[in-house]
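Commentary on secondary and tertiary structure
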Amino acid sequence: MPGHLPRRRLLIASATALPLLLATAGCRSADLFAGPDPLGGRPPLAHGTVALEAAITAEAGLISRYQSVISGGGLDAGESSLIATLLAQHQDHLVRLRGRLVVPAGASASVAAQSPGTATATATATPTPAAPARIQHPIGTLRDAERQSADSLVRQLTGVEPALAQLFASIAASDATHAAALSALGTS
Amino acid sequence: MSAVRAVRTMSPVRAVSPVAALQQALAAEDAAVYGYGVAGAHLSGASQATAQQYWTAHREARDTLAAMISALGATPVAALAYYDIPSAVTDAASAEALAAHLEDGVTAAYLDIVAVSSDRLRTFAALAMQDSAVRAAHWQGSTDAFPGLV
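Residues numbered from 1 in each chain as written. Chains lettered and ligands numbered in written order. Predicted model: local features only at pLDDT ≥ 70, side-chain atom pairs only at ≥ 80, totals over all residues.

1. Describing the overall build of chain B
Definition in use: Put simply, DSSP H or I for four residues or longer makes a helix, DSSP E for two residues or longer makes a strand, and each gets a number counted from the N terminus. Residue burial is a threshold on neighbouring C-beta atoms within 10 Å of the residue's own C-beta, all placed from the backbone, with 20 or more meaning buried, 12 or fewer meaning exposed, and counts in between meaning partly exposed.
Along chain B, the regular secondary structure elements total four helices and one strand. Expressed as lengths along the three principal axes of its C-alpha atoms, the size of chain B is roughly 65 × 35 × 20 Å. Within chain B, the fraction of its 150 residues that count as buried is 43%.

2. Structural notes on the packing of helix H2 (residues 47-72) of chain A against helix H3 (residues 77-99) of chain A
Residue and element names in this part refer to chain A. The following threshold applies: Axis definition: a line fitted to C-alpha atoms, over the contacting stretch in the case of helices. Angles run 0 to 180 degrees between N-to-C directions. The scheme is simple: roughly parallel for angles under 35 degrees, roughly antiparallel for over 145, roughly perpendicular for 65 to 115, oblique for anything else. Two helices crossing with the near one rotated counterclockwise from the far one by less than a right angle form a left-handed crossing, whereas a clockwise rotation gives a right-handed crossing. Throughout, a pair of residues is in contact if the C-beta atoms placed from their backbones lie within 7 Å. Classification convention: Asp, Glu, Lys, Arg as charged; Ala, Val, Leu, Ile, Met, Phe, Trp, Tyr, Cys, Pro as nonpolar; all other residues, Gly among them, as polar.
Contact geometry for H2 and H3: axes closest at 9 Å, N-to-C directions at 155°. The orientation of H2 relative to H3 falls into the category roughly antiparallel. Remark: the crossing between H2 and H3 carries left-handed chirality. For the pair formed by H2 and H3, the contact residues are Leu52, Ala55, Ile56, Glu59, Ala60, Leu62, Ile63, Tyr66, Val69 and Ile70 on the first element and Ile83, Leu86, Leu87, His90, Gln91, His93, Leu94, Leu97 and Arg98 on the second. Counted by class, the contact of H2 with H3 contains 14 nonpolar, three polar and two charged residues.

3. A look at the interface of chain A and chain B
Taken residue by residue, the interface counts 41 residues in chain A and 31 residues in chain B. Only H2, H3, strand E1 (101-102), helix H4 (138-155) and helix H5 (162-187) of chain A provide two or more residues apiece to the side of chain A that touches chain B. By residue class, the composition of the side of chain A that touches chain B is 25 nonpolar, twelve polar and four charged.

4. Considerations on the nonpolar core
Selection rule: Think of a nonpolar core as buried Ala, Val, Leu, Ile, Met, Phe, Trp, Tyr and Cys residues, each tied to the set through C-beta atoms within 7 Å.
By size, the foremost hydrophobic cluster in this structure holds 80 residues, and its most contacted members are Phe168, Ala169 and Ala172 of chain A together with Tyr110 of chain B. At the level of secondary structure, the elements contributing two or more residues to this core comprise H2, H3, H4 and H5 of chain A together with helix H1 (18-40), helix H2 (45-71), helix H3 (92-114) and helix H4 (119-140) of chain B. For this core, the leading source of residues is H5 of chain A, giving 13 residues.

Any functional reading would require information that these geometric values do not contain.
This is the structure we're talking about:
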């Protein structure tokens, strides 16, 4: 029909003309997409945040282990007293660690608000040791978990800000004392 | 942009150079070597043997720190001839309290090294803190949730 361009020719003309129009306007197509990519998802977490979340996850896992040992029963009075004390200190660790995590409104709460035992390990978290195939005394499993926690926290010191590094180092030292106390319990 | 989780900013840790932090730890180790000499005189049996073992550990740590300071091109500060003892040591209980106090001082000194940016020094100090915290717990008969932190 005269006066009407065929639809295909119109589309081809538009595709050809758009870059030309942008060039004459002094724009590059990339300028149109400057700023955060709305389809790019959430920006990656800072290294310190990842390390802190890993420490929170590991601490929650330790608390769950202690709670399991307590609920399993079979502890003598000395064991029960020590384990209750160490559990309380781990709960203090968790409170202090969570206090360092900023969770803005609208952000995923992730490990910050999970109850101990429900937290899932992040990529860098050292999982608490899997249950061994052979039967091990619960005090021994706690001692091993304490040592592993202390080692993991020391590995997390790399590249985190000084105050967080000091908190990790202090908790690692506390875990080391727990391991020693549990060892002494086993030999007394 | 989506809000993201982050580490809460704390009041800045007092900036300490690696050499200054190591010198501080050296001073704490020197004080421990001196103090264990005082405490050990009031201990006996297994406690005295433990104090002797810990005294040796502090001497070794002192030598290690001095070597690290020298390797950084500085001169290790010499030990004092005398250190103040926080309270009178008259018996085994006060000797053990002194030993715990000395270990707490060592732990706090190593914690300052953890604040420096060198990963190697951080790891060294964090492991040293574990040793001193375990020794402190031995003398105190109890553990602490946050050794070295106030």
